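Single-letter residue listing:
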Amino acid sequence: PELTSTQSEYLLSNVKDWSILNGLAVRPSLSFVSEEVDSSRSLAVTAPVTIFPSLFPRRCFEEARAIQTAYNELYALVARDEEWLRNIVEEIVEVDDFIAHLWDVHLAVKKEGYVQSLSLGIFRSDYMVHKDPSQPDTKPEIRQVEFNTIASSFGGLAAKVSGLHSHLLSITAYPPMNPALITKSSLPANSSIASISQGLAVAHKAYGPPKSHPSLPLCILFVVQDPENNVFDQHALASALLSNHNILTFRLPFPVTLAHTHISSGQPSRPLIYKPPHSPSTAYEVTTLYFRAGYAPTEYTSSKSWEARLHLERSAAIKCPSILTHLAGSKKIQQILATPSSLHLDRFLSSTISADLISRVRATFAAIYPLDDSKAGKYAIGIATDVGKARGYVLKPQREGGGNNIYGLKIPPFIKSLGDESKKYRSHILMELIEPPALRNSVYRNGEVTQGEVIGELGVYGVCLWQHGEEVAGPKILENWEAGYLLRTKGKDSEEGGVAAGFGAVDSVCLID
Ligand code: GSH
C-alpha cells in the first residue's frame, strides 16, 4: 500500500529495533550497506529485508517443499556415484581450473583412502515462479534456478524475517496489507534455524566417540570467510546447536586452517584436532566441518589454500559438503540432470522414489543447454552468439555463490572474448531466464527504503546424511528432511538476486490461494 511518511517512519524504526533485538543483522560492509553507514564501524546493522511479506502462490510453495527430500536424495546419490561424476567432471577440468583443483583433491584423498564414510548435505534448492504470459489461464509453476550444495546461506536469518513481518503486522493499527489476504495459514512458520542446526547435530552424533583420545572434547567447526559479513546468520545456527543440542562450535577462518588444525599423527583414522587461538592449550576433536567458505575461486590465493582444503578433506571429520558433494553442485550436473528425456533421474531415484514424485521433480527443470558439439550444444552456441536471440538467457559458469553469471545481451560479447577455441565454451551452460510476475513491496537496504516492483526467489533447505562407499551394508541415506525456506526479493530490473553478493533482501511469504 501507499504509506504516509509518518507510517513509513514508524514501520522503519520498528524494523531497525526489532532486527537488532532479534539478531536479524549483518556486519556492515560495502556489499551490504553503503560506506556512509559503514563509517560508524558498528558491529551490526539490520540485514537487507523487505518491510512486508511478499505474496506467493500456496501451491508453488507447498510443491517446492514437498519435493525437497527427493532433491536431497538425488544430489546425495550423485555425490556417491564417483564414476558417473568423473565422466562429467573430466570434461570440465580441461577448461575450468577451479573444478580441476577440486577434482585433484578428491583424487589425492581417494589414493590414500577416505577414512570417513558419512557425508552431510545442507542444501538449498532455489526456484522462481514461472507463468507463461501468452497463456493467461495457466497456473503458476516453480522452475529451479539452481541447487546449492555448499554454504547454503541465510537459513539463520530467514526464519527471523517471518518473525519481523508478523511483528510489524501485529503492531500497526492501520492495515499494512490487505487483511483479506491474511488468514491464519498465510504466514507459515519457518523452521530453518531449528532444522538446519538439527542436521549438524545429527552428523555430530553420528561421528561417535573421539578417535584421538577418549577424553578429548568434541566440536563442530564452521569454516568461514575472513572478513565475513553474514556472521549473525552463522551465529543463529551455532547458538541453536549449543542451546538445543549442547554442542560446541567454533568459527575457523579458511585462510588460517593449517595454523590451527592438525591431523593426529600416527593415527590411521586421521582425527582432526582444533586448537582455538584464544586457548591453544585446549584441544578439540572436530566431528563435522561446516563449510561457509571455500566455494569461490578467489578464496584460493595460493597452493597453501588447496593444501588446506586437502588437509580438511582427508581428515576423519564429516564434511558438509564433501568435495564430491561440492562438485555435484556444478551447473554442468544441473544441466545434465535437466536434459529432457534423459534417464538419469530415473536411474538415481526409481528404486526409492515414486514415479509421480520423480515427474514432479522433473517438472521443475528450466531449459538448460550445454555449449558443446552436441545438437543441443550447437543450438545453444547459436543463441549465445546472436544478439537477437540471447536476451532471454543467462550464461552460468560452474560456480555457486552469486555474482558470476552473464545475462542477456552481455552474452555474445562475452562468448567472443573467450576466443575462437570453442572448447572453452564448455566451462559454461546456457539457461533460459525465468521471469516471474512482479509484485510491489518495500525493500530496506543500504540504510534506505525503496518502494517498487520486485520479484522473488524461493529457496527450500534440505538436510541429508548419507554413507559413501560402493558396498554399503544397510541404507545409503540415513537422514533426509526438508528444512525450512528462504525467500529473497530483489528489484524487478536487477539481474542478480544474491543477498551476500549485494543485490537482494531477505523476505517471507504471504501465501495466496
Ligand atoms: N560466506 C557467506 C555465508 O557463509 O553466509 C555467503 C555464502 C554464499 O554466498 N552462499 C551462497 C548463497 O546461499 C551459496 S554458495 N547465497 C545466498 C545469497 O547470497 O542470497
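Numbering of residues begins from 1 in every chain and follows the order in which that chain's sequence is written. Given that the model is predicted, a residue must reach a pLDDT of at least 70 before its local features are reported, and side-chain atom pairs must reach 80 or more before they are shown or counted; all residues, however, enter totals for whole chains, interfaces and linings.

1. Focus: the nonpolar core
- Core analysis: the biggest nonpolar cluster contains 135 residues, and Leu 221, Val 223, Leu 430 and Val 506 have the highest contact counts within it.
- Excluding its chain neighbours within four sequence positions, the residues that come into contact with Leu 430 are Tyr 369, Leu 371, Ala 380, Ile 383, Ala 384, Tyr 393 and Leu 395. Take the buried Ala, Val, Leu, Ile, Met, Phe, Trp, Tyr and Cys residues, join any whose C-beta atoms are within 7 Å, and the set you get is a nonpolar core. Exposed residues have 12 or fewer other C-beta atoms within 10 Å of their own C-beta, buried residues have 20 or more, and residues in between are partly exposed; the C-beta atoms are placed from the backbone. By definition, residue pairs are in contact when their C-beta atoms, positioned from the backbone, come within 7 Å.

2. Quick word on the packing of helix H6 (residues 97-112) against helix H11 (residues 303-314)
- Angles run from 0 to 180 degrees between N-to-C directions of axes, and those axes are lines fitted to C-alpha atoms, restricted for helices to the stretch in contact. Counting from the N terminus, the helices are DSSP H or I runs at least four residues long and the strands are E runs at least two residues long. At a minimum axis separation of 10 Å, H6 and H11 run at an interaxial angle of 40°. With respect to H11, the element H6 is oriented oblique. The crossing of H6 and H11 is right-handed. Residues His 101, Val 105, Ala 108, Val 109 and Glu 112 of H6 form the contact with H11, whose own contacting residues are Trp 306, Arg 309, Leu 310, Glu 313 and Arg 314.
- Classes in brief: Ala, Val, Leu, Ile, Met, Phe, Trp, Tyr, Cys and Pro nonpolar; Asp, Glu, Lys and Arg charged; the others, Gly included, polar. In terms of residue class, the contact of H6 with H11 is built from five nonpolar, one polar and four charged. What sets the label is the angle itself: under 35 degrees gives roughly parallel, over 145 gives roughly antiparallel, 65 to 115 gives roughly perpendicular, and the rest give oblique. For a crossing to be left-handed, the near helix must be turned anticlockwise from the far one by less than a right angle; the clockwise case is right-handed.

3. Some details on the environment of Ala 363
- With respect to the helices and strands, Ala 363 occurs in the loop between helix H15 (355-362) and strand E13 (368-370).
- Taking the C-beta count within 10 Å as the criterion, Ala 363 has 13 such neighbours and is therefore assigned partly exposed.
- Along the sequence, Ala 363 and Val 49 sit 314 residues apart, while their C-alpha atoms lie 30 Å from each other.

4. Examining the site of the ligand
- Being near a molecule or strand means, for a residue, that its C-beta atom, positioned from the backbone, comes within 6 Å of it. Near the ligand, the surroundings consist of 21 residues, among which Ser 153, Asn 230, Arg 292, Val 499 and Ala 500 are the closest.
- In terms of residue class, the shell around the ligand is built from seven nonpolar, nine polar and five charged.
- An automatic or database domain assignment supplies the residue ranges for each domain. Two domains each put at least three residues into the shell around the ligand: domain 1 (5-366 + 434-512) and domain 2 (367-433).

5. Notes on the pairing of strand E7 (residues 218-224)
- Burial within E7 is extensive, with six of its seven residues counted as buried.
- For two strands to be treated as a pair, DSSP must find at least two bridges joining them. Examined bridge by bridge, E7 and strand E11 (residues 284-291) share six bridges and lie parallel to one another. Each residue of the ladder has a partner; that of Val 223, found in E11, is Phe 291.
- In terms of strand pairing, E7 meets strand E8 (residues 249-253) through five bridges, oriented parallel. Within E8, the position partnered with Ile 220 by the bridge is Thr 249.

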